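Residue-level structural notes
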Amino acid sequence: MVTTESEQMAYIAAQAADARVNVEVETDEGMTLNLGPQHPATHGTLRIIAKLDGEKVIAAEPIMGYMHRGYEKLTEVRTYPQVTTLVNRIDWLGSFANEVPFILAAEQLMDVEAPPRAQWIRTVLFELSRIANISLFLGDMAVQVGATTPVFYAFRDREFVLNQIERVTGGRFHPNFDRIGGLKDDLPKGWIEETGTVIGKMRDFCDEMEELVLGNEIFQARTRGIGVIPPEVALSYGLSGANLRASGVDWDIRRDANVGLVYDEVDWKVWTHPDGDSFSRFWVRLQETREACNIIEQLLGGIPAGPIMAKVPRIIKVPAGEAYVATENPLGEMGFYVVSQGDLTPFRVKIRSASFSNMSITPWLLKGVFVPDIISILASLYFILGDIDR
Amino acid sequence: MAEIPEHLLKRAQAAREKAESQQKTETTDSTQPQETEETKEVEEIVDPTDENAEEALSILKTALEEKILDSHIAPGRGLWIRVHVEDWRSAAKAAKETLDCTFFDWLSAIDWMPSPYGREHETEQDQIVDASEESEEKEMEWGYTGGETRFQLICRVYSISKKIGVMIKADLPDSDPRALSLIPIYAGANWHEREAREMFGVTFDEHPDLRNIYLPGDFEGHPLRKDYPLLSRRMKPWPGIVDVELLPGDEE
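Residues numbered from 1 in each chain as written. Chains lettered and ligands numbered in written order. Predicted model: local features only at pLDDT ≥ 70, side-chain atom pairs only at ≥ 80, totals over all residues. Heavy atoms only, no water.

With the rule as written, the count across this model stands at 18 aromatic pairs over all chains. Look at W80 of chain B and Y144 of chain B: their rings are 4.9 Å apart centre to centre, the planes differ by 80 degrees, and that puts the pair in the edge-to-face class. Taken together, the residues span a long stretch of sequence, with W80 of chain B in strand β2 (residues 78–83) and Y144 of chain B in the loop between α5 (131–137) and β4 (151–159) at a distance of 64 residues. Each member of the pair, W80 of chain B as well as Y144 of chain B, is classed as buried. Taken together, the ring pairs connect F137, F219, F279, F282 and Y382 of chain A into an aromatic cluster. (Phe/Tyr/Trp six-rings, centres within 6.5 Å; stacked < 30°, edge-to-face > 60°. Helix = DSSP H or I, 4+ residues; strand = E, 2+ residues; numbered from the N terminus. Buried < 20%, exposed > 50% of the residue type's maximum accessible area, 1.4 Å probe, protein only.)

Positive phi is not limited to glycine here, since Y382 of chain A has a value of about 55 degrees. Classification of Y382 of chain A as buried rests on a relative accessible area of 1%. Backbone geometry places D100 of chain B, a non-glycine residue, at a positive phi of 60 degrees. Tracing the backbone through its elements, the reader meets D100 of chain B in the loop between α4 (88–98) and β3 (103–111).

Confidence in the prediction of chain A, expressed as mean pLDDT, is 84, and 91% of residues score 70 or more. In this model residues 18–26 of chain A is a low-confidence stretch, pLDDT under 50, and it forms 13 contacts with partners more than four residues away in sequence or in other chains. (pLDDT = per-residue confidence, 0-100. Contact = heavy atoms within 4.5 Å.)

Residues and elements named next belong to chain A. Secondary-structure assignment places N329 in strand β6 (residues 321–329). N329 sits in the buried class, given a relative accessible area of 3%. From its side chain, N329 meets the backbone oxygen of A97 in a polar contact 3.2 Å long. A polar contact is formed between the side chain of N329 and the side chain of T327, at a distance of 2.8 Å. The residues touching N329, leaving out its near neighbours within four places in the chain, are A97, N98, F126, R130 and M334. (Polar contact = N/O pair within 3.5 Å; in protein donor to acceptor, adjacent residues only side chain to side chain.)

Each partner contributes to the interface: chain A provides 52 residues, whereas chain B provides 47 residues. For the chain A and chain B pair, buried surface summed over both sides reaches about 4300 Å², with 58% attributable to carbon and sulfur atoms. Linking chain A with chain B are eight salt bridges. K163 of chain B is paired through a salt bridge with D256 of chain A; the nearest N and O atoms lie 3.2 Å apart. (Buried area = accessible area lost by both parts, 1.4 Å probe. Salt bridge = Lys/Arg side-chain N within 4 Å of Asp/Glu carboxyl O.)

The next subject is the sheet that holds strand β1 (residues 31–35) of chain A. All names here are of chain A. Ordered in space as β1-β2-β3, the three strands form an open sheet in which the pairing is antiparallel. Each end of this open sheet is capped by a strand with a single partner; those strands are β1 and β3 (56–63). Adjacent strand axes in the sheet meet at a mean angle of 20 degrees, parallel and antiparallel pairs treated alike. Note that strand β2 (residues 47–53) and β3 share seven bridges and pair antiparallel. Directly across from D53, in β3, lies its bridge partner K56. (Pairing = 2+ DSSP bridges. Axes fitted to C-alpha atoms, helices over the stretch in contact; angles between N-to-C directions.)

Time to look at the state of the cysteines. As enumerated under the stated definition, the model contains zero disulfides over all chains in all. For C206 of chain A, which is in no disulfide, the shortest distance to another cysteine sulfur is to C293 of chain A and amounts to 5.2 Å. We classify C206 of chain A as buried; its relative accessible area is 0%. Of all cysteine sulfurs, the one in C155 of chain B lies closest to C101 of chain B, which takes part in no disulfide; the gap is 9.3 Å. (Disulfide = S-S within 2.5 Å.)

All names here are of chain A. In the contact formed by helix α5 (residues 116–144) and helix α15 (residues 371–381), the axes pass within 9 Å of each other and the chain directions differ by 175 degrees. Judged by the inter-axis angle, α5 sits roughly antiparallel to α15. Contacts from F137, M141 and Q144 of α5 reach α15 at I375, S376, A379 and S380. Taken together, the residues of the contact of α5 with α15 sort by class into four nonpolar, three polar and no charged. (Parallel < 35°, antiparallel > 145°, perpendicular 65-115°, else oblique. Nonpolar A, V, L, I, M, F, W, Y, C, P; charged D, E, K, R; others polar.)

What follows covers the pattern of salt bridges. Residues and elements named next belong to chain B. In this structure the tally under the stated criterion is 38 salt bridges over all chains. The residue R150 makes a salt bridge to D111 at a minimum N-O spacing of 2.9 Å. A residue pair is termed long-range when its members are at least 10 positions apart, and R150 in the loop between α5 and β4 and D111 in strand β3 qualify at 39 residues. The class for D111 is buried, based on a relative accessible area of 2%.

Time to look at helix α12 (residues 278–301) of chain A. Helix length check: α12 of chain A (24 residues) gives 36 Å between terminal C-alpha atoms against 34 Å at 1.5 Å per residue, within 8%. The buried count for α12 of chain A comes to 20 of 24 residues, which makes it a mostly enclosed element. (Expected span 1.5 Å × (residues − 1).)

This part covers the environment of K56 of chain A. Relative to the elements of secondary structure, K56 of chain A occurs in strand β3. In the structure, K56 of chain A is positioned 91 residues away from A147 of chain A in sequence and 24 Å away in space, judged by C-alpha atoms.

Residues and elements named next belong to chain B. The five strands lie next to each other as β1-β2-β5-β4-β3, forming an open sheet whose pairing is mixed. Edge strands, defined here as strands with exactly one partner in the open sheet, are β1 (68–74) and β3. For this sheet, the mean angle separating the axes of adjacent strands, direction not counted, is 20 degrees. With six bridges connecting them, β1 and β2 associate as antiparallel partners. Looking across to β2, one finds that S71 is bridged to I81. Strand contacts of helix α3 (residues 51–64): β1, β2 and β5 (164–172), with the helix running at about 170 degrees to β1, the strand carrying the most contacts.

Okay, structure coming up:
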């Protein structure tokens, strides 16, 4: 017994020493807790160094860059059609949604508009990737507060959506399907009906999650009133998406600054919650998944006939200019600032990813919370490391 | 030899028919393209005014007066203004106070120097041009609102009440690129400025903590500067070209 215990202590000491390699931590007051880089709550490799006073966090510092792939530099040596392959890998749970803003920015510069059918199918796929992305969050958030079952339901039901995306695009995770001027291919036969049944299944999934998680007493105790973000703070940190709407800011790019997608054609609602706590972030995302089901169902009924590609030259040279296009991605606002100098490759691409801004609030937000709340707050902010590190 | 599956044959047939029908429509189209083009042009001349952006610009102009060096409105796409680097913080403050731009979108920099390394698509490797010869010939071209120096800061803030996004640009001095930090106005600028610092080497005064955010602490150089070589691209030929193998019997 004694030997194993001392061995354990030595191991923990070595770990702690290792944790301080690239961060200087003053050890005089409080204790330093290292989370990650490999931690189940982080969706990738994020590391958080927290300074504790007892159970309370005095300061927390996220450390990223373990997955930085330098996409902004790489886009400068790729032609425009090749860039979609890169941006697919930013938010890997909702890949198709990443391609859309870049393609729209390039289309804006070229003054090309995709034909209506392509716009409708784009919107359907966009919302499908939203469901695929957020459904995993719904399960994962429950895991972080101690309920293991919901995540398996989420993985099970998400597969239906991924199958539908795969049937159109050929890829479960990296569709690489969007093209400047339209889409690579048309919908396969019978896809619309199948997607209709899948949407029914996802509705049931949302109901199931509501029963399993939202009404759960432990879940409420762990999330209500925890990690409250007031609207002014959320805005000044650039929080977007469900995180912003959960703080009561009624703002959705799909409704208020829509570019190139057909959200005006359907009847839907933007959900907000006044509380700004972890619970409301979960609640807003749950409602959004339902709303995405609504949007898809309405769109499927009215996809117009016609071509799926506009006339674009084979070799794409984009005229000089600058364009910024943002879309309401599953994680929040994702935008591409594309500077072109009339070349085959972009001159400069600035990727505005949602998780980077959403994460930047954590040093402020984690100050003063208790240790177990770190996990539930991080889970409720919902970030994907590929989206932070780019 | 295996038979060609039926569905592939059908698909090929369908594609052929489609191509033929498209050719027909193209030829019929070509008789009347001039009319449609003319009508389009008329529409385009009427359309490009953006009242929202014009109004926002006039509000900013009254607030900042001569501090706005240049402005650009792309109808329906946004508003760009350029200010002197000394007015960088006051421009952001004016946007927040007069235009209600409470949403901090992003902040970054642009290096307008033409890349000293070739970017030819067809070549197997980046052409390593002798920097001293070429860079003199190539001149810097700036984007909207022009520019004077190599580095430009750019920041986008958004007004949710007025539904207008403003891009604020500022030229940075070549010798010592530095600007005032925007943190007192937008707390979210913190990480964006750290990123701009490590990627472009822009210093932000009054920033509490300008450590690297992505790169290791002892990393040398600023990777997003145009003169920073992309090593993997220099070591290896363009992906795709190298993978082409000769077919058997196919000699040089």
